[in-house]
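# Architecture and fold: a report
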Amino acid sequence: MATAQRPFHLVVFGASGFTGQFVTEEVAREQVDPEGNRRLPWAVAGRSREKLQGVLERAALKLGRPTLSSEVGIIICDIANPASLDEMAKQATLVLNCVGPYRFYGEPVVKACVENGTSCIDISGEPQFLELMYWKYNEKAAEKGVYIIGSSGFDSIPADLGVIYTRNKMKGTLTAVESYLAVHSGPEGMCIHDGTWKSAVCGFGDQSNLKKLRNQSNLKPIPIVGPKLKRRWPVSYCRELSSYSIPFLGSDVSVVKRTQRYLYENLDQSPVQYAAYVAVGGITSVIKLMFAGLFFLFFVRFGIGRQLLIKFPWLFSFGYFSKQGPTQKQIDASSFTMTFFGQGYSPDFCPADKNKPNIRICTQVKGPEPGYVTTPIAMVQAAMTLLNDASDLPKAGGVFTPGAAFSRTKLIDRLNRCGIEFSVISSSEV
């Protein structure tokens, strides 16, 4: 709750950034009920008052809310100034952190939030940052009773909650899931802002440190229920979708695995194996992506190569990433579909003997443009869930994945109401 000491329920940090401006719009949209009344007091935060004011003015114009600028607080703070981050955290119940790449700029915000008893949600897709924050701050966050929840945007919210939704809809024990992501664009194609590109370049260029972190963690493997899920070839054909696919190299597998570990260790739920793929269409698309991927993986190995990749994103990504980001027309014409193929056992069937699964289920999550429509919706609805459904969250605070934090909440229902739709396509006994 907002108090004299914490006047804001939530603060959007990095509101003047490319993604931050869309998150700001979504918060403003969420904060008005059908009668036009304000709901929760909130603020935007960043380095430049002028830029923050500009974001609020543009949001006011877009949403038809002429008084928006006067309704929202402004906090001036800077990643390079820890004291200013402390002051921001002290004024809020929850910080929505939109400042990336998180491997460079994320930890100071997490540290300030934990030390000042403030919860924090981010939209990082960087496994090294997400896993490092768990090991460094989980115990401290639990002591303070605050929730640090990473990867709360696209693509991890659809993937992580999609697996949980599939498990909840299966009449039996879900043992394994494969997801296939398809992104659809309009006649002007698609484009992603280069902030995501920078995170990918730095992440792939530092894989050795991620391996060291995982080796040092020395986690015991969680049990495999049913047959082990086999990895598909680097290029495989999905008959159900009539499309070629390649492995998805984002954070989804890392996030879902951490969620399944949490659910197994803390809620005694049967763990689910998971693999993620991208449906890319026909063979021509496969060839293009193979060339682009080989090009990327070669350059990312060297310091000078990474500098070139970051300096010229449009060139090296074959036009998919740019410093300008997508146009409004590109955003309006884009959408995504994530299809989940699950297998498991009916209640009267014993998986102990590694028998073949006798139930299959297909579910789907679909929604609007992924990066700048779905991500803000997912982040803001995660925030609303944290603020309003505290009794359904894990009892103690800590550092969580979305699935670990929200598995028992109504977040999926909230997302459905906001245009990110979860549905069962088919379910059958084999």
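Now for a description of the structure that goes with this document. (Residues numbered from 1 in each chain as written. Predicted model: local features only at pLDDT ≥ 70, side-chain atom pairs only at ≥ 80, totals over all residues. Heavy atoms only, no water.)

## Thoughts on the environment of P347
Turning to its location among the elements, P347 is positioned in the loop between β13 (335-345) and β14 (359-368). Once the C-alpha coordinates of P347 and K171 are considered, the two residues, 176 residues apart in sequence, prove to be 7.3 Å apart. Beyond its immediate chain neighbours, meaning those up to four positions away, P347 contacts K171 and G172. (Helix = DSSP H or I, 4+ residues; strand = E, 2+ residues; numbered from the N terminus. Contact = heavy atoms within 4.5 Å.)

## Regarding the layout of surface pockets
In this structure, the second largest pocket occupies an estimated 670 Å³ of space. Taken together, 26 residues form the lining of the second largest pocket, with E178, R232, E240, Q343 and R360 sitting closest to its centre. Of all elements in the fold, only β7 (173-184), β9 (236-238), β13, β14 and β16 (421-429) reach the threshold of two or more residues within the lining of the second largest pocket. Of the residues forming the lining of the second largest pocket, the biggest block, 4 residues, is contributed by β7. A class-by-class count of the residues in the lining of the second largest pocket yields 11 nonpolar, 7 polar and 8 charged. (1 Å grid on protein atoms, 1.4 Å probe; cavity = no way out; pocket = protein on both sides within 12 Å on 5 of 7 lines; lining within 4 Å. Points joined across faces, edges and corners; volume = space filled by probe spheres on them. Nonpolar A, V, L, I, M, F, W, Y, C, P; charged D, E, K, R; others polar.)

## Notes on empty space enclosed by the protein
Taken as a whole, this structure holds 2 cavities of 30 Å³ or more when the rule is applied. The volume enclosed by the largest cavity comes to roughly 70 Å³. D122, L130, I149, G150 and V399 are the residues nearest the centre of the largest cavity, which is lined by 13 residues in total. Counting residues per element, the ones that place at least two in the lining of the largest cavity are α7 (127-144), β6 (147-149) and β15 (398-400). At 3 residues, α7 tops the list of elements feeding residues into the lining of the largest cavity.

## What about the packing of aromatic side chains?
Summed over the entire model, instances satisfying the criterion amount to 15 aromatic pairs. Taking 5.3 Å as the distance between ring centres and 25 degrees as the angle between the ring planes, the aromatic pair formed by Y180 and Y277 counts as stacked. Of this pair, Y180 sits in strand β7 while Y277 sits in strand β11 (residues 273-281), and the two are 97 residues apart along the sequence. One exposure class covers both Y180 and Y277, and it is buried. (Phe/Tyr/Trp six-rings, centres within 6.5 Å; stacked < 30°, edge-to-face > 60°. Buried < 20%, exposed > 50% of the residue type's maximum accessible area, 1.4 Å probe, protein only.)

## What about the pattern of salt bridges?
With the rule as written, the count across this model stands at 10 salt bridges. Its salt-bridge partner being K90, residue E87 comes within 3.7 Å of it at the nearest N-O pair. On the criterion of helical spacing, the pair formed by E87 and K90 is a turn pair, its members being 3 residues apart in helix α4 (residues 82-90). (Salt bridge = Lys/Arg side-chain N within 4 Å of Asp/Glu carboxyl O.)

## Here we look at the packing of helix α9 (residues 194-204) against helix α13 (residues 303-311)
It is at 9 Å that the axes of α9 and α13 come closest, and there the two elements cross at 170 degrees. By the criterion of interaxial angle, the relationship of α9 to α13 is roughly antiparallel. Across from W197, K198, V201 and C202 in α9, the residues of α13 making contact are R306, L309 and I310. Looking at side-chain class alone, the contact of α9 with α13 contains 5 nonpolar, no polar and 2 charged residues. (Axes fitted to C-alpha atoms, helices over the stretch in contact; angles between N-to-C directions. Parallel < 35°, antiparallel > 145°, perpendicular 65-115°, else oblique.)

## Quick look at the environment of K356
Within the element layout of this structure, K356 appears in the loop between β13 and β14. It is 39 Å that separates the C-alpha atoms of K356 and D206, two residues lying 150 residues apart in sequence. What K356 contacts, discounting residues up to four positions off in sequence, is Y345 and F349.

## Comments concerning the sheet that holds strand β4 (residues 92-97)
Read from one edge of the open sheet, 7 strands run β3-β2-β1-β4-β5-β6-β15, paired in parallel fashion. Looking at the sheet topology across the chains shown, the edges are occupied by β3 (73-76) and β15. Across the sheet, the mean angle separating the axes of adjacent strands is 20 degrees when strand polarity is ignored. Packed on one face of the sheet, α4 meets β1 (8-13), β2 (42-46), β3 and β4 and runs near 125 degrees to β4. Running at roughly 160 degrees to β4, helix α16 (residues 370-388) makes contact with β1, β4, β5 (119-122) and β6 of the sheet. (Pairing = 2+ DSSP bridges.)

## Observations regarding a nonpolar patch on the surface
Together, F298, F302, I304, L308, F312, W314 and L315 give the surface a local cluster of nonpolar side chains, amounting to about 730 Å² of exposed area. Elements with a contribution of two residues or more to the nonpolar patch: α13 and α14 (313-316). Topologically, L308 is positioned in helix α13. Its relative accessible area of 31% is what places L308 among the partly exposed residues. (Patch = residues over 30% accessible without salt bridge, like charges linked within 9 Å, V, L, I, M, F, W, Y side chains within 5 Å. Areas by Shrake-Rupley, 256 points an atom, 1.4 Å probe, with all protein chains shown as cover.)

## Thoughts on the pairing of β14
β14 sits mainly inside the fold: 7 of its 10 residues count as buried. As paired strands, β13 and β14 are joined by 10 bridges and run antiparallel to one another. Bridged to G344 within β14 is I359.

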